[in-house]
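Single-letter residue listing:
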Amino acid sequence: MGKKKIESELIKFGSDPEIHHGSLSDPIYKTSTIIFNSYKDFTKAKKNRFKLPYYGRFGNYTTKRFENLVCRLYASEKSIITGSGLSAITISLLSFLSKGDELLVSENCYEPVFNFCKNELKRFGIKTSFFKNNLPSELEKLINNKTKIIYLESPGSLNYEVEDIEKIVKIAKKNNIKTIIDNTWATFLGFNPLRWGVDVVVESCTKYFSGHSDNFCGIIACSELNYNKIKLTAVRMGDFVSSESCFYALRGLRTLSVRLKKHEENALKIFKFLKKKKIVKEIFFLPDKKNIYHKLWKKYFNNANGLITFGIEKKVGVEKFLDSLSLFKIGFSWGGYESLILPLNQLKPEIKNYKNSLNWFRIHIGLESTEDMIIDLKKGFDNYEKK
Ligand SMILES: Cc1ncc(COP(=O)(O)O)c(C=O)c1O
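What you see as residue numbers is a count from 1 along each chain, following the sequence as written. It should be noted that, the model being predicted, local features are given only for residues of pLDDT at least 70 and side-chain atom pairs only at 80 or more, the latter also being counted only at that level, while totals for whole chains, interfaces and linings use all residues.

1. Quick look at the overall build of the chain
Reasoning step 1: Within the chain, the regular secondary structure consists of 13 helices and 12 strands.
Reasoning step 2: Scaling as 2.2 N^0.38, a compact globule of 387 residues should have a C-alpha radius of gyration of about 21 Å, and the chain matches this with 22 Å.
Reasoning step 3: Across its three principal axes, the chain shows a C-alpha extent of roughly 80 × 55 × 40 Å.
Reasoning step 4: Exposure in this text rests on C-beta crowding, where 20 or more other C-beta atoms within 10 Å of a residue's own make it buried, 12 or fewer make it exposed, and counts in between make it partly exposed. The C-beta atoms are placed from the backbone. Residue burial in the chain is summarised as follows: out of 387 residues, 43% are buried.
Reasoning step 5: Whether two residues are in contact is decided by their C-beta atoms, placed from the backbone, lying within 7 Å. Taking the contacts inside the chain whose residues are at least 6 apart along the sequence as the reference set, 72% of them involve residues at least 24 apart. Per the convention used, a helix needs a DSSP run of H or I reaching at least four residues, while a strand needs a run of E reaching at least two, with both numbered from the N terminus. Computation of the radius of gyration draws on C-alpha atoms alone. For the globule rule, the value is 2.2 Å times the number of residues to the power 0.38.

See the structure below:
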């Protein structure tokens, strides 16, 4: 990551005033067609189409700049920018799988990944087994000679279970299996899985990285060896990221470190408030010392974020709580500046009835005043408990 502190690096990254007439931020290059001065240049570009300007969908100045930047963030040999976080995941999976192969996926993965494996991969004769979190010996039992990938999400979606990456990587390497991890929760600032031997890292820049709920973008960081396969798949699938998306992601990056700290600080205050509410029966929040993954989280991660999941005693319909809120809006995704709430039917895609006696919610703690957030939540709880 160079000698400078990351906060200083994030301000400078990807800005080239010298070649852009003094403009502090780089212009957005918009191009589908790239033209060549001669046949010689054309054939050279064709041979090196992942490196040199060739055709807009393969990359242009803006997207290449962003790729170089991602390599610095993850200290990776290579990176690929994709149209969304989910396409970064599906492209990475497809790059290493063929008919008859099998893969192991952590059971608390982001639900669309579960659906992709269960439906799309299945149609092409690829079998997925879902493994329980943090039981490496159980995971090892699921491996056979068809297993090609172990796919991890840590902390996992909705209840933030943490994997012991070191142990899993060891098992994967012993069995010659590729590891892919979704690192969206922590971002590159909080955790670098490549340093722990994971083969491929994906991150949805739609979340904290871009940070303003107005952008879709995904990143893949990996070695040169894995890059060729993944980039080929991305290009063949027709995946595309716009220069605007890269620009917005880069702009978000400038303030990422400050925003993440504030999200975490605010979430801590809301966690303390929720802990005192009698009606709140369970809370998943990794900085909570009572959380069973707290120690493992401390081992791997430098940060928390604004995500908290909690379950409240089932009294009446969830709408009594949700519709009383005005600051917390009901909505998908997270990582933007605003507070959001999402009612949950289940905490893991395959396990429908986890403590069904509770009504579950995931909240994303934004950058508003925590006093206002507490007033809002109090109003919600009061209404919910009203006879
Ligand atoms: C953990 C996680 N990974 C990946 C994604 C997918 O990202 P995108 O919305 O950019 O496709 C999400 C989206 O909510 C997510 O929560």
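2. Things to note about the site of the ligand
Reasoning step 1: The environment of the ligand is formed by 13 residues, the closest being Ser84, Gly85, Leu86, Ser204 and Thr206.
Reasoning step 2: Asp, Glu, Lys and Arg are counted as charged, while Ala, Val, Leu, Ile, Met, Phe, Trp, Tyr, Cys and Pro are counted as nonpolar; the rest, among them Gly, fall into the polar class. The class makeup of the residues in the shell around the ligand is 3 nonpolar, 8 polar and 2 charged. Any residue whose C-beta atom, as set from the backbone, lies within 6 Å of a molecule or strand is reported as near that molecule or strand.

3. Digging into the pairing of strand E9 (residues 307-313)
Reasoning step 1: In terms of residue burial, E9 counts as a mostly covered element, since 5 of its 7 residues are buried.
Reasoning step 2: Think of it this way: DSSP has to see at least two bridges between two strands before they count as a pair. As defined by bridge partners, E9 adjoins strand E12 (residues 358-364) across 7 bridges and the pair is classed as antiparallel. Note that in E12 the partner of isoleucine 308 across the bridge is isoleucine 363.

4. Points about the sheet that holds E9
Reasoning step 1: The 5 strands are arranged E8-E9-E12-E11-E10 in an open sheet whose pairing can be described as mixed. Edge strands, defined here as strands with exactly one partner in the open sheet, are strand E8 (280-284) and strand E10 (329-330).
Reasoning step 2: Pairing geometry for E8 and E9, over 4 bridges, is antiparallel. Bridged to valine 280 within E9 is isoleucine 312.

5. A word on the sheet that holds strand E1 (residues 78-82)
Reasoning step 1: Taken in spatial order, the 7 strands of this open sheet run E1-E7-E6-E5-E4-E2-E3, and their pairing is mixed. Unpaired on one side and paired on the other, E1 and strand E3 (127-131) mark the two borders of the sheet. When the angles between neighbouring strand axes are averaged without regard to direction, this sheet yields 20 degrees.
Reasoning step 2: Sheet analysis places strand E6 (residues 200-204) next to strand E7 (residues 218-222), joined by 5 bridges and oriented antiparallel. Within E7, the position partnered with valine 200 by the bridge is cysteine 222.
Reasoning step 3: Along the sheet, helix H9 (residues 224-237) makes contact with E1, E6 and E7, crossing E1 at roughly 20 degrees. Angles here are taken between N-to-C directions and fall from 0 to 180 degrees, while the axes themselves are lines fitted to C-alpha atoms, restricted in helices to the stretch in contact.

6. Points about the packing of helix H10 (residues 243-276) against helix H13 (residues 370-385)
The relative placement of two packed helices comes down to the angle between their axes together with the axis-to-axis distance.
Reasoning step 1: Where H10 contacts H13, the two axes come as close as 10 Å, and the packing angle between them is 35 degrees. Every pair of crossing elements has a handedness; the one defined by H10 and H13 is right-handed. Between H10, through Asn266, Lys269, Ile270 and Phe273, and H13, the contact on the second element is made entirely by Thr370, Met373, Ile374 and Leu377.
Reasoning step 2: Partitioning the contact of H10 with H13 into residue classes produces 5 nonpolar, 2 polar and 1 charged. Each crossing is labelled by how the near helix is turned from the far one, with a counterclockwise turn of less than a right angle marking it left-handed and a clockwise turn marking it right-handed.

7. Thoughts on unusual backbone geometry
Reasoning step 1: Here the residue pair serine 154 and proline 155 is connected by a cis peptide bond, since its omega of -10 degrees sits within 30 degrees of zero.
Reasoning step 2: Note that proline 155 resides in the loop between strand E4 (147-153) and helix H7 (165-174).
Reasoning step 3: Positive phi, normally seen in glycine, also occurs at serine 333, with a value near 75 degrees.
Reasoning step 4: Following the sequence through the fold, serine 333 ends up in the loop between E10 and strand E11 (340-344).

8. Re the nonpolar core
Reasoning step 1: A set of buried residues qualifies as a nonpolar core if it consists of Ala, Val, Leu, Ile, Met, Phe, Trp, Tyr and Cys joined through C-beta atoms within 7 Å. Among the nonpolar cores identified, the biggest contains 67 residues, and Tyr151, Ile220 and Ala249 are the most heavily contacted of them.
Reasoning step 2: Ignoring anything within four residues of it in the chain, the contact list for isoleucine 220 reads Ser79, Ile80, Thr82, Ala88, Ser92, Val200, Val202 and Ile230.
Reasoning step 3: Judged by nonpolar contacts, the second largest core, of 26 residues, contains Ile270, Phe284, Ala304 and Phe328.

9. A closer look at the pairing of E7
Reasoning step 1: Most of E7 is tucked away: 5 of the 5 residues are buried.
Reasoning step 2: Of the two faces of E7, the one holding Gly218, Ile220 and Cys222 and the one holding Ile219 and Ala221 are both buried throughout.
Reasoning step 3: Summarising the sheet, E1 and E7 pair through 5 bridges and their orientation is antiparallel. Paired with isoleucine 80 across the strands is isoleucine 220, a residue of E7.

10. Describing the domain arrangement of the chain
Reasoning step 1: Taken as a whole, the chain is organised into domain 1 (6-252) and domain 2 (257-385).
Reasoning step 2: Where each domain begins and ends is defined by an automated method or by a domain database. Put simply, the middle of domain 1 and the middle of domain 2, counted by C-alpha atoms, are 28 Å apart.
Reasoning step 3: The partner domain 2 presents 26 residues to the 28 residues of domain 1 that form the contact.
Reasoning step 4: Residues that form the side of domain 1 that touches domain 2 fall into these classes: 14 nonpolar, 8 polar and 6 charged.

11. Some points on the environment of isoleucine 363
Reasoning step 1: Take isoleucine 363: it is sitting in strand E12.
Reasoning step 2: A count of 22 C-beta atoms within 10 Å places isoleucine 363 in the buried class.
Reasoning step 3: Isoleucine 363 sits 20 residues away from proline 343 along the chain, and the two C-alpha atoms are 8.8 Å apart.
Reasoning step 4: Beyond its immediate chain neighbours, meaning those up to four positions away, isoleucine 363 contacts Ile308, Phe328, Ser339, Leu340 and Ile341.

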